[in-house]
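Notes for the structure review
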Amino acid sequence: MNNEIKELKQKVKNLKVIYVEDEDDMRMGTEIFLNKFFTNVTIAVDGKEGLDKFEENNFDVVFTDILMPNMNGLEMVENIKKIESDVFIVTLTASDVEKEEIEKSVDLYFRKPISYENMFTIMNEIVNKFKL
């Protein structure tokens, strides 16, 4: 699996990624984790800031929490999809949000915290979506 992960990292490393999370500890830990896979990770602290940054940069991949102040993750995703329908969206949540509601709007859904196994799945899906 290590060689497979190395190959996947090579393929996805140059994609532009935004991670949107309101909890400081979770955001800092996950940012470090995402930087192991992607070279261009931008951070936002809520859905409003995430949407603003997306409008400025048009990211390839969005990792987002669901329950956040100012604008929740699903509202942000809905607005992002109006700007760029082909963006790859991964939700990471610790809340008991209706999974069916989330899955209609995003490519992948995981419970926090994200694991290496989750990242393996995510990177495979990204490679398939973008034909890398």
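Residues numbered from 1 in each chain as written. Predicted model: local features only at pLDDT ≥ 70, side-chain atom pairs only at ≥ 80, totals over all residues. Heavy atoms only, no water.

Some words on helix 3 (residues 47–57)
Rule in force here: Each residue is assigned to one of three classes by its accessible area relative to the maximum for its type, calculated with a 1.4 Å probe on protein chains only: buried under 20%, partly exposed between the two thresholds, exposed over 50%. Secondary structure is summarised from DSSP: a helix means a run of H or I of at least four residues, a strand means a run of E of at least two, and numbering begins at the N terminus for each. Throughout, the arc means that of the directions going from the helix axis to the C-beta atoms. Contact criterion: two residues are considered in contact whenever any of their non-hydrogen atoms come within 4.5 Å of each other.
Three or more residues of helix 3 are buried, namely G47, G50, L51 and F54. An end-on view of helix 3 places all buried positions within 95 degrees of arc, on one side of the element. The secondary structure elements touched by the buried residues of helix 3 are strand 1 (16–20), strand 2 (40–44), strand 3 (61–64) and helix 4 (73–83). Taken from the residues just after helix 3, N58 is the one with a positive phi, measuring 45 degrees.

So, the packing of aromatic side chains
Just so we agree on the cut-off: Paired rings are identified among Phe, Tyr and Trp, the last through its six-membered ring, by centres lying within 6.5 Å, and are further divided according to the angle between planes into stacked (under 30 degrees), edge-to-face (over 60) and tilted (the rest). Whether a charge lies above a ring is judged from NZ of Lys or CZ of Arg, which has to be within 6 Å of the ring centre and within 35 degrees of the ring normal.
This model, assessed by the stated rule, comprises five aromatic pairs. Both rings, one in F33 and one in Y116, keep their centres 5.0 Å apart while their planes meet at 75 degrees; by these two values the pair is edge-to-face. Residue F33 is found in helix 2 (residues 24–35), and its partner Y116 is found in helix 6 (residues 116–130); the two are separated by 83 residues along the sequence. Taking the centre distance of 6.2 Å and the plane angle of 45 degrees together, the rings of F54 and F59 count as tilted. Three or more aromatic residues joined by ring pairs make a cluster, and in this case those are F33, F37 and Y116. Above the plane of the ring of F37 lies K9, whose end atom (NZ or CZ) is 5.4 Å from the centre. Between the NZ or CZ atom of K16 and the centre of the ring of F59, over which it lies, the distance is 5.9 Å.

Observations concerning the environment of F59
Summarising the element assignment, F59 is placed in the loop between helix 3 and strand 3. For F59, a relative accessible area of 3% puts it in the buried group. For F59 and K48, which are 11 residues apart along the polypeptide, the C-alpha to C-alpha distance reads 15 Å. What F59 contacts, discounting residues up to four positions off in sequence, is K16, V17, I18, T42, K53, F54 and V87.

Let's talk about the packing of helix 3 against helix 4
What counts here: As a rule, the C-alpha atoms of each element are fitted with a line to give its axis, helices using only the stretch in contact, and angles between N-to-C directions run from 0 to 180 degrees. Any angle from 65 to 115 degrees is called roughly perpendicular, while one under 35 is roughly parallel, one over 145 is roughly antiparallel, and all others are oblique. Under this grouping Gly is polar, as are all residues other than the nonpolar Ala, Val, Leu, Ile, Met, Phe, Trp, Tyr, Cys and Pro and the charged Asp, Glu, Lys and Arg.
Where helix 3 contacts helix 4, the axes come no closer than 9 Å and their chain directions differ by 10 degrees. Classed by the angle they form, the pair helix 3 and helix 4 counts as roughly parallel. Across the interface between the two elements, G47, G50, L51, F54 and E55 from helix 3 touch M76, N79, I80 and I83 from helix 4. Looking at the contact of helix 3 with helix 4 residue by residue, the classes come out as five nonpolar, three polar and one charged.

Quick look at the nonpolar core
Our working rule: Residues belong to one nonpolar core when they are buried, are Ala, Val, Leu, Ile, Met, Phe, Trp, Tyr or Cys, and are joined through side-chain atoms within 4.5 Å.
The biggest cluster of nonpolar side chains holds 26 residues, and the ones touching the most others in it are F38, F63, V90, M119, I122 and I126. Looking at this core, the elements that each hand over two or more residues are helix 1 (2–12), strand 1, helix 2, strand 2, strand 3, strand 4 (88–93), strand 5 (108–111) and helix 6. At six residues, helix 6 tops the list of elements feeding residues into this core. In this structure, F38 is in contact with V12, K13, V17, F63, M119 and I126, ignoring residues within four places of it in sequence. If you look at the next biggest cluster of nonpolar residues, it comprises 15 residues, including V20, A44, V77 and I80.

Looking at the packing of helix 1 against helix 6
Rules: Two helices cross in a left-handed way if the nearer one is turned anticlockwise from the farther one by less than a right angle. They cross in a right-handed way if the turn is clockwise.
Interhelical geometry of helix 1 versus helix 6 gives an angle of 50 degrees and a closest axis separation of 10 Å. For the element pair helix 1 / helix 6, the angle class is oblique. By crossing handedness, the relation of helix 1 to helix 6 is classed as left-handed. On the side of helix 1, the interface is formed by E4, I5, L8, K9, K11 and V12, while helix 6 contributes F120, M123, N124, I126 and V127.

Remember, this is a structural readout, not a statement about activity or role.
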